[in-house]
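# A look at the structure
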Amino acid sequence: MKVLVIGSGAREHALCRSLSLDPDVTALHCAPGNAGIAEVAEPHAVDALDGAAVAALAAELGAELVIVGPEAPLVAGVADAVREAGIPCFGPSKEAAQLEGSKAFAKDVMASAAVPTARSYVCTTPEEIDEALDAFGAPYVVKDDGLAAGKGVVVTDDLEKARAHANACDRVVIEEFLDGPEVSLFAITDGETVVPLQPAQDFKRALDGDEGPNTGGMGAYSPLPWADPKLVEEVVETVLQPTVDELRRRGAPFSGLLYAGLAITSRGVRVIEFNARFGDPETQVVLARLKTPLAGVLLASANGTLADLAPLRWSDDAAVTVVVASHNYPDTPRTGDPITGLDEVAAQDAPHAYVLHAGTKRQGDAVVSAGGRVLSVTATGTDLTEARARAYAAVARIRLDGSQHRTDIAAKAAAGA
């Protein structure tokens, strides 16, 4: 099978790494890719938001499966353009991707499907915003209705900060605060059958102890030793399957990766948000544990044959990812700094630890930073303690001037706290 992956982040590097290990994949391409992806897939220049250009590239390469990684191309309808060209595509249609593209649309779908979620108001005027903030009180949860690359949500006790964020959005969803730990659960679906992956937990705040501003994610781990063993089954039954069924009923079947961000509250599981693609950095740890070859699973989603698939096989190992970010992230990051130590990790830590590239590019013989989140250092071990130790040992070999990372990824879960 010839496969083309669209995107340039650590999520796409994780996908490409898994696909490169799949014996069924005979040729692997990525567009536009990054410095790390180029080591396992042939990179191509393309505007990832231009459906016609992506479809033309896929046809030119003879791709038999296209995987659209990021949310913006999905919301722009890139998967539709690929499918219209007669090429199987893993990723939802523009219409179905509104589940991530619009928080208000997602709330409407959840209401119709009786999916448990936070109570909320959709606001478009300062008056509506003030009423909603007053109705829920602190802590305030304010979400930009549209795509914001993981940075559109503000959770704060500061009323003025909440109001300022809300008024800066064209349309905003204000909702009740959900207590309890958060869980990310991915499911692969073809619009009817739902195949859940293993749950993971990510770390959104920039600093140790969940302090500092929200980010796109500073690390993740899987499995979750503290979670109810029946959690996945319950979420498929109460959240994922009803959502897939409701979208099909609306004439917008969802095929691809459905990601549920969940809060395990004192009143039960509640959906915080849906995404229409693999999450970053959770993908890095989930795929590190998946033993079933990836290409066939994604192709079954694209072809509508998931019901015929054998159950997925998983490693009992734990996986931990630590994100190494640029100086000043999540504000405007400094880029262009050389990254060294990558060869040392490859030589001394493989196969248990490896580096997935996010914001990197090649400059001559050097690899330099080219974004906010630069690397996802991922490691496996017999348990979270061993996986953490291996991940942080690899992080210690990497040198990137001014870089930052959290030191407490999976620490509580490993300690059994």
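Above this note sits the structure.
Description of the structure in this document. Owing to the predicted nature of the structure, the values given are computational and were not obtained by experimental measurement. (Residues numbered from 1 in each chain as written. Predicted model: local features only at pLDDT ≥ 70, side-chain atom pairs only at ≥ 80, totals over all residues. Heavy atoms only, no water.)

### Details of the pattern of salt bridges
Applicable threshold: The term salt bridge refers to a side-chain nitrogen of Lys or Arg lying within 4 Å of a carboxyl oxygen of Asp or Glu. Helix and strand assignments follow DSSP, with helices taken as H or I runs no shorter than four residues and strands as E runs no shorter than two, numbered in order from the N terminus. We call a residue buried when its accessible area falls under 20% of the maximum for its residue type, exposed when it is over 50%, and partly exposed in between, using a 1.4 Å probe and counting protein chains only.
Going through the model one piece at a time under the given rule, you end up with 23 salt bridges. When the shortest N-O distance is used, the salt bridge between Glu100 and Arg277 registers 2.7 Å. With Glu100 in helix 5 (residues 98-101) and Arg277 in the loop between strand 17 (268-275) and helix 10 (282-289), this residue pair connects regions lying 177 residues apart in the sequence. Assessed through its relative accessible area of 6%, Glu100 is described here as buried. Taking relative accessible area as the criterion, Arg277 reaches 10% and is therefore assigned buried. One network of salt bridges, in which partners are shared, links Asp108, Glu246, Arg249 and Arg250.

### A short note on the nonpolar core
Put simply, the test is: Here, nonpolar core refers to any group of buried Ala, Val, Leu, Ile, Met, Phe, Trp, Tyr and Cys residues whose side-chain atoms link them within 4.5 Å. Residue contacts are counted whenever heavy atoms from the two residues lie within 4.5 Å of one another.
The biggest cluster of nonpolar side chains holds 76 residues, and the ones touching the most others in it are Leu4, Val66, Leu240 and Val320. Per element, the largest residue contribution to this core is 7 residues, and it comes from helix 9 (residues 231-249). If we ignore the near neighbours within four places in the chain, the residues touching Val66 are Leu4, Ile6, Ala58, Val82, Ile87, Pro88, Cys89 and Phe90. One finds Ala10, Leu28, Phe186 and Val297 within the second-largest nonpolar core, a separate group that totals 41 residues.

### A few points about a negative patch on the surface
We apply this condition: The patch calculation keeps residues exceeding 30% relative accessible area without a salt bridge and links them within 9 Å when they carry like charges or within 5 Å when they are nonpolar (Val, Leu, Ile, Met, Phe, Trp, Tyr). Working definition of accessibility: Shrake-Rupley area with a 1.4 Å probe, residue cover restricted to the visible protein chains. Only four residue types enter the charge count: Lys and Arg as positive, Asp and Glu as negative, with His and the chain ends excluded. In this description, the location of a charge corresponds to atom NZ of lysine, CZ of arginine, CG of aspartate or CD of glutamate.
On the surface, Glu127, Glu128, Glu131 and Asp134 cluster together to form a negatively charged patch. Considering the arrangement of structural elements, one finds Glu127 in helix 7 (residues 126-136). Judged by its relative accessible area of 54%, Glu127 is exposed.

Any link to function would need more than the numbers given here.
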